[in-house]
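# Architecture and fold: a report
Residues per chain are reported as follows:
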Amino acid sequence: MTIEKLMELDMEFCETTAKLGASGWARFFGPEGLMLTKTGANILGSDNIYRAMKPFFEVKGNSLMWSPEGGGISEGGDLGYTYGKYIRQMTDQEGKALKETGRYLTIWRRLEDGRYRIELDVGN
């Protein structure tokens, strides 16, 4: 794995999420993947992450897009990270469109089958 390939994987993660919503988001997390949240109610495991993200993606007009700016790979190649900017668009309870921008960091781990999956994801 190279940094460029890991950034391509991060973009694939974004594109799949844009197409499939919560199921696209969750499929990139490993079985023990951890999503850190602003509230501190961190979410462990791809099944729990799917259930947590599903309500967000079910709301018409809600979306989450991002683009990696950089990253790195461990010497052994089993861990890597990507970081960049995100844009989250939401619809509030009155139907008003809201837009939030921020930064993210995603840590990737190579699984036994050779695929890289998210070990930890956090955004501000």
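Report on the accompanying structure. (Residues numbered from 1 in each chain as written. Predicted model: local features only at pLDDT ≥ 70, side-chain atom pairs only at ≥ 80, totals over all residues. Heavy atoms only, no water.)

Further remarks concern the sheet that holds strand β3 (residues 63-73). As summarised here, the arrangement of the six strands in space is β2-β1-β6-β5-β4-β3, forming an open sheet in which the pairing is mixed. The sheet is open, and its two borders are formed by β2 (43-44) and β3, each paired with just one other strand. In the sheet, strand β1 (residues 29-35) pairs with β2 via two bridges, with the strands oriented antiparallel. Residue pairing for β2: L34 is matched across the bridge by L44. Sitting on the sheet, helix α1 (residues 3-20) touches β1, β3, β4 (79-91), β5 (97-110) and β6 (116-123), and the angle it makes with β3 is about 170°. Packing of helix α3 (residues 46-58) onto the sheet brings it into contact with β1, β2, β3 and β4, and relative to β1 it is tilted by some 55°. (Pairing = 2+ DSSP bridges. Helix = DSSP H or I, 4+ residues; strand = E, 2+ residues; numbered from the N terminus. Contact = heavy atoms within 4.5 Å. Axes fitted to C-alpha atoms, helices over the stretch in contact; angles between N-to-C directions.)

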